[in-house]
Amino acid sequence: MFCVVGERINTSRKKVQEAVAERDAAYIQEDVKKQQGAGADFIDVNAGARIGHEMEDMKWLLDVIQETVTVPLCLDSPDPKVLEMAYQMVKEKPMINSISLEKERYAAMAPFLKGKECKVIALCMDDSGMPESARDTVDRAEKLVRKLEDLGVKRDAIFVDPLVQPVGTDTLKAVMVMEAVKGIRKKLPGVHITGGLSNISFGLPQRKIINRTFVCLMMSAGMDSAIIDPLDQAMMATIKTTQMLIGKDDFCTEYLKAVRAGEIQQNGNADCYPAQKHGTSGESCFRLCDLSH
Ligand code: THG
């Protein structure tokens, strides 16, 4: 089954940052209810953007979220102390986001992961930075999985993140990460592959089209999880449809279920089309479309 990690509770998003600063619990609770309803398997929680407040912001968010939803959480922080605190607070077994090959981070995270049963995202990042080739990414993934298995983490609990880089800065970046996913799938059977997808479109216009198309390609390469906005219905529809097309939806059951629930509509899920055709809604979209005339 494809694993959707809902990305919306992140203080790098302006509205979330404001809600956290003002301790507006209702805003956060409304959001996570919607993410759970839309089919998020995990909800990512990242409180990193208000420098100096991460610990208290994370605590507050975890309390507020767990009052409302039961979906397990993906604890997103580079700080092992924040992760340890958060781990103690969660009611459901979480996903830890993340560990990497960076020496300091790895050394601090290793004792934390020992003996715990949670899922963990393993970033293909080391002290030299982002991977520079598909081969480099796969080598890093192999190293990470070997080290995590030595700590006692089960392969099925490891979610490798090959790190998506913008195609706008180097047109081969998408091909590179797809080749990396294929390599990881081949060399490390049984591991999960995830990642934030929206980086691919950074700096380019009409980003959602790029992100949706990219998710198909990545799933076809072997990605089986993604950190995305589950309220983006077109993205969710694309993921379900792709699962079917790559042979992972027996009897097309999940696809048909989503169609019956009104979640997959061939025109209704696109952002621009209905507003342009009927001119009834979507003001910003309308303006963009007008520019081309
Ligand atoms: N890998 C892992 N974890 C991650 C990432 C990753 N966590 C954070 C990030 N990347 C994924 N999460 C988000 C959350 C929100 C947004 C994008 C990625 C987002 N971005 C808006 C945009 O791009 O246009 C701008 C923010 C806003 O709305 O103000 O919403 O790669 N393991």
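Coordinates for the structure precede this section.
Residues numbered from 1 in each chain as written. Predicted model: local features only at pLDDT ≥ 70, side-chain atom pairs only at ≥ 80, totals over all residues. Heavy atoms only, no water.

## Observations concerning the environment of Met125
Alright, step 1. Mapped onto the elements, Met125 comes out in the loop between strand E5 (119-123) and helix H6 (134-150).
Alright, step 2. For the pair formed by Met125 and Asp161, sequence separation is 36 residues and the distance between their alpha carbons is 9.0 Å.
Alright, step 3. Excluding its chain neighbours within four sequence positions, the residues that come into contact with Met125 are Ser100, Leu101, Glu102, Met130, Arg140 and Leu163. (Helix = DSSP H or I, 4+ residues; strand = E, 2+ residues; numbered from the N terminus. Contact = heavy atoms within 4.5 Å.)

## What to know about the pairing of strand E1 (residues 3-10)
Alright, step 1. Taken across its 8 residues, E1 has 7 buried, putting it largely inside the fold.
Alright, step 2. The pairing of E1 with strand E8 (residues 225-228) spans 4 bridges and is parallel. Bridge pairing in E8 links Val5 to Ile227.
Alright, step 3. When E1 meets strand E2 (residues 42-46), the two strands line up parallel, connected through 4 bridges. Looking at E2, one finds that Ile9 is bridged to Val45. (Buried < 20%, exposed > 50% of the residue type's maximum accessible area, 1.4 Å probe, protein only. Pairing = 2+ DSSP bridges.)

## Quick notes on the packing of H6 against helix H7 (residues 173-187)
Alright, step 1. Two elements in contact, H6 and H7, have axes separated by 8 Å at closest approach and are oriented at 40°. Along this stretch, H6 crosses H7, giving a crossing that reads as right-handed. Along its contact with H6, which presents Ala134, Thr137, Val138, Ala141 and Glu142, the element H7 presents Met176, Glu179, Ala180, Gly183, Ile184 and Lys187.
Alright, step 2. Its residues assigned to classes, the contact of H6 with H7 comprises 6 nonpolar, 2 polar and 3 charged. (Axes fitted to C-alpha atoms, helices over the stretch in contact; angles between N-to-C directions. Left-handed = near helix turned anticlockwise from the far one by under 90°. Nonpolar A, V, L, I, M, F, W, Y, C, P; charged D, E, K, R; others polar.)

## Thoughts on the site of the ligand
Alright, step 1. Every one of the 13 residues lining the ligand counts as a neighbour, but Asp76, Asn97, Asp161, Gly196 and Arg207 are closest to it.
Alright, step 2. The separation between an oxygen atom of the ligand and a polar side-chain atom of Arg13 is 3.5 Å.
Alright, step 3. In this structure, Asp76 approaches the ligand through a side-chain N or O atom, which is 2.8 Å from a nitrogen atom.
Alright, step 4. Protein contacts shield 65% of the accessible area of the ligand, which totals 670 Å² for the unbound molecule.
Alright, step 5. A per-class count over the shell around the ligand returns 3 nonpolar, 4 polar and 6 charged. (Near = heavy atom within 4 Å. Polar contact = N/O pair within 3.5 Å; in protein donor to acceptor, adjacent residues only side chain to side chain. Areas by Shrake-Rupley, 256 points an atom, 1.4 Å probe, with all protein chains shown as cover.)

## Looking at the sheet that holds strand E7 (residues 192-193)
Alright, step 1. Spatial strand order, E7-E6-E5-E4-E3-E2-E1-E8: 8 strands in an open sheet with parallel pairing. In this open sheet, the two strands that pair with only one neighbour each are E7 and E8.
Alright, step 2. Here strand E4 (residues 95-100) runs beside E5; their pairing, made up of 5 bridges, is parallel. Looking across to E5, one finds that Asn97 is bridged to Ile121.
Alright, step 3. Contacts between helix H3 (residues 54-66) and the sheet are confined to E1, E2 and strand E3 (73-76), with E3 contributing the most and set at about 175° to the helix.

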